[in-house]
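So the chains spell out like this:
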Amino acid sequence: MMAVLGFVAVLALVTGLIHLYLWKRLVRDTTTPGRWRRVGAITAVVLAVLVPVTLAGTQAGLYWLAWPGYLWLALMFYLLVVLVVLEVPMLVARLVLRRRVVAAEPTTAAPEPVLVGAAGPTDPPAAGAVAAPDHDPSRRLLLARGAAIFAGLTATGITGYGVRTALGPPQLDRVQIPLAKLPRSMDGLRIATVSDIHLGPLRGRAHTERIVAAINRLDADIVAVVGDLVDGSVAELGSAAAPLRDLRSRYGNFFVTGNHEYYSGVEEWVQEVDRLGLRVMQNRRQEIQARGGVLDLAGVNDLSGVGTGLAAGPDFAAALGDRDPSRPVVLLAHQPVAAKEAARYGVDLQLSGHTHGGQMVPFNLAVRLEQPVVSGLGEVDGTKVYVTNGAGFWGPPVRVGAEPQISLVELRSA
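Residues numbered from 1 in each chain as written. Predicted model: local features only at pLDDT ≥ 70, side-chain atom pairs only at ≥ 80, totals over all residues. Heavy atoms only, no water.

1. Here we look at empty space enclosed by the protein
To find leftover empty space, one rolls a probe the size of a water molecule over the atoms. This is how the line gets drawn: Put simply, the grid is 1 Å and covers the protein atoms alone, a cavity is a trapped set of points that fit a 1.4 Å probe, a pocket is an open set with protein on both sides within 12 Å along at least five of seven lines, and lining residues have an atom within 4 Å of a point. Grid points are joined across faces, edges and corners, and a volume is the space filled by probe spheres set on the points. We count a stretch as a helix when DSSP gives it H or I for four or more residues in a row; a strand needs E for two or more, and each element gets its number in order from the N terminus. All residues other than Ala, Val, Leu, Ile, Met, Phe, Trp, Tyr, Cys, Pro, Asp, Glu, Lys and Arg, Gly among them, are scored as polar; the first ten of these are nonpolar and the last four charged.
All chains considered together, the criterion is met by 2 cavities of 30 Å³ or more. Here the largest cavity is characterised by a volume of approximately 80 Å³. Among the secondary structure elements, those contributing two or more residues to the lining of the largest cavity are α3 (66–104) and α4 (136–167). A per-element tally of the lining of the largest cavity places α3 first, with 4 residues. Residues belonging to the lining of the largest cavity are distributed by class as follows: 6 nonpolar, no polar and 3 charged. By volume, the second largest cavity is sized at about 40 Å³.

2. A look at the sheet that holds strand β9 (residues 349–352)
Under the convention used in this document: For two strands to be treated as a pair, DSSP must find at least two bridges joining them. A fitted line through C-alpha atoms serves as each axis, taken over the contacting stretch for helices, and the angle formed by two N-to-C directions is quoted from 0 to 180°.
The strand order β6-β7-β8-β9-β11-β10 describes an open sheet built from 6 strands, whose pairing is mixed. Pairing within the sheet leaves two strands with one partner each, and these edge strands are β6 (284–290) and β10 (376–380). Within this sheet the neighbouring strands show an average axis-to-axis angle of 25 degrees, counted without direction. Note that strand β8 (residues 329–332) and β9 share 3 bridges and pair parallel. The partner of V330 across the bridge, within β9, is L349.

3. Re the environment of S233
Locating S233 in the fold gives a position in the loop between β3 (222–226) and α6 (234–241). For the pair S233 and E261, spaced 28 residues apart in sequence, the C-alpha to C-alpha distance is 8.9 Å.

4. Some words on the packing of aromatic side chains
How we decide: Here the aromatic set is Phe, Tyr and Trp, taking the six-membered ring for Trp, and pairing holds for ring centres within 6.5 Å; pairs whose planes are under 30 degrees apart are stacked, those over 60 apart are edge-to-face, and all others are tilted. Burial status follows relative accessibility: with a 1.4 Å probe on protein chains alone, a residue under 20% of its type maximum counts as buried, one over 50% as exposed, and anything between as partly exposed. Here, over-ring charges are defined by two tests on the NZ atom of lysine or the CZ atom of arginine: distance to the ring centre within 6 Å, and angle to the ring normal within 35 degrees.
Overall, the coordinates contain 2 aromatic pairs when judged by the stated rule. Ring centres of F77 and Y78 lie 5.0 Å apart, and the angle between their planes is 75 degrees; this geometry places the pair in the edge-to-face category. Seen in terms of ring centroids, F316 and Y345 are 6.5 Å apart; in terms of plane orientation they differ by 20 degrees. Their pairing is stacked. Of the two residues, F316 sits in helix α8 (residues 316–320) while Y345 sits in the loop between α9 (339–342) and β9, which places them 29 residues apart along the sequence. You can call Y345 partly exposed: its relative accessible area is 27%. Against the face of W36 rests R35, its NZ or CZ located 5.1 Å from the ring centre.

5. Some points on the sheet that holds β3
As summarised here, the arrangement of the 6 strands in space is β1-β12-β2-β3-β4-β5, forming an open sheet in which the pairing is mixed. Single-partner strands in this sheet number two, and they are β1 (171–179) and β5 (279–280). Where β3 and strand β4 (residues 253–256) come together, 4 bridges link them in parallel fashion. Its bridge partner lying in β4, A224 is registered against F254.

6. Side note on the confidence of the model for the chain
As a general rule, the predicted coordinates of low-pLDDT regions are not to be interpreted in detail. What counts is decided by this rule: Values of pLDDT, the confidence the predictor places in each residue, fall between 0 and 100. Any two residues whose heavy atoms approach within 4.5 Å at even a single point are treated as in contact.
Chain-level statistics for the chain give a pLDDT mean of 90 and a share of 89% at 70 or above. Taken as a whole, residues 116–122 scores under 50 in pLDDT and shows 0 contacts with residues more than four places along the chain or in a different chain. A low-confidence stretch, residues 129–135 stays under pLDDT 50, and its non-local contacts, those more than four residues away or across chains, total 7 contacts.

7. Points about the side chain of D228
Under the convention used in this document: His is not counted, nor are the chain ends, whereas Lys and Arg count as positive and Asp and Glu as negative. In the sections that follow, a salt bridge refers to a side-chain nitrogen of Lys or Arg positioned within 4 Å of a carboxyl oxygen of Asp or Glu. Throughout this description, a polar contact denotes any pair of N or O atoms lying within 3.5 Å of each other; where both atoms belong to protein, one of them has to be capable of donating a hydrogen while the other can accept it, and for residues adjacent in sequence the pair is counted only when both atoms sit in side chains.
Here D228 is to be found in the loop between β3 and α6. Buried charge without a partner: D228 forms no salt bridge, and the closest opposite charge is R399, 9.7 Å away. Looking at D228, its side chain comes within polar contact range of the main-chain nitrogen of H260, at 2.8 Å. Here H334 takes part through its side chain, which lies 3.2 Å from a polar atom of the side chain of D228. Apart from the residues lying within four places of it in its own chain, the contact partners of D228 are D196, I197, H198, G258, N259, H260, E261, H334 and H354.

8. Looking at the side chain of N283
For N283, the position within the fold is in the loop between β5 and β6. You can call N283 buried: its relative accessible area is 13%. Those residues within four positions of N283 in sequence are excluded, and the remaining contacts are G299, V300, N301, G313, P314, D315, A318 and A319.

9. Remarks on unusual backbone geometry
The omega torsion of the bond from V361 to P362 falls at 10 degrees, within 30 degrees of zero and hence cis. Summarising the element assignment, P362 is placed in the loop between β9 and α10 (363–367). Positive phi, close to 50 degrees, is recorded for D381, a residue that is not glycine. As for its placement among the helices and strands, D381 is situated in the loop between β10 and β11 (383–387). Judged by its relative accessible area of 63%, D381 is exposed.

Next comes the structure, spelled out in structure tokens:
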């Protein structure tokens, strides 16, 4: 809970600064002093407060805050992105406008002698004379309003598309991964992999049922759920997770913890998932005997378990030590970055989630700073790492550039 509150505090500071920028570009620059500017300022303050209140409130069970708060978070993000992208063309437009104004101003000339009967200072200028422009402020206002309207329409369109994608059915990603040590008799062994289901204030039992049905249609040999199943306690979400008991596979269904399990009561969820028929791989491994061959399937706790006092963190030695090195080993680990340690134990393939594939472009660029693989198949120090995008979402019910996903990993003998 302290980690969540700390995150909310940091987010409150960041969103406050973002809303100050949005107020500047969408309110102050587009209005003249008066009632509408005051209304815009009040709205900006309310929306700035809504984001951290939503995160804290949903943790306290105020789920009615989820839809307005998380939708605004997504819209805020894309307003920020579009407006920042517009800064350069807006700057160029302002410079061009300023240059035109300067060019239109009359040059200072020596005063001509005043003749008797000549036009006085209040008389209209002679035909062809250039008047100093007085409409520059209105042009700037028009430019600012045009940018604000464009940003608003673009951000709304992207967010709407993202909501439709996030709430739609998970897409199936089929990938073939060769393993040098895989016996030929085990060629084609299939592992249905899903992560980041994120049952919580916006997704419930129907979400789980749809995922279970999609996995069962694959007729997989193994089912691997690689973390972040829930955003809430067993009391709140136990019934939503219950359809997991219907998962079918030939050689077993397996689960490893993600960071969100540590925010949601990890001990209770480990017991509940086990009760639903999934074997929880807490720093352990299991032999998978299939088709006359043997494969080691291992799992480690999420890195978030370190120092929480709730459960042990990952123990790679316990999961991977003292094994037969001639066998192929597949490791289930929620975060792709775990592969840096897994590679020291000669792991052939690591299956992970956590990243959501970035969830909302261009956020995937920031995820890459923390995780070595964001989506799909990669390699870390000789260990192959496959990262599935996840079947749900966290926070905003929005996915842009990273569709919800269930992956069917087919192992091939090299």
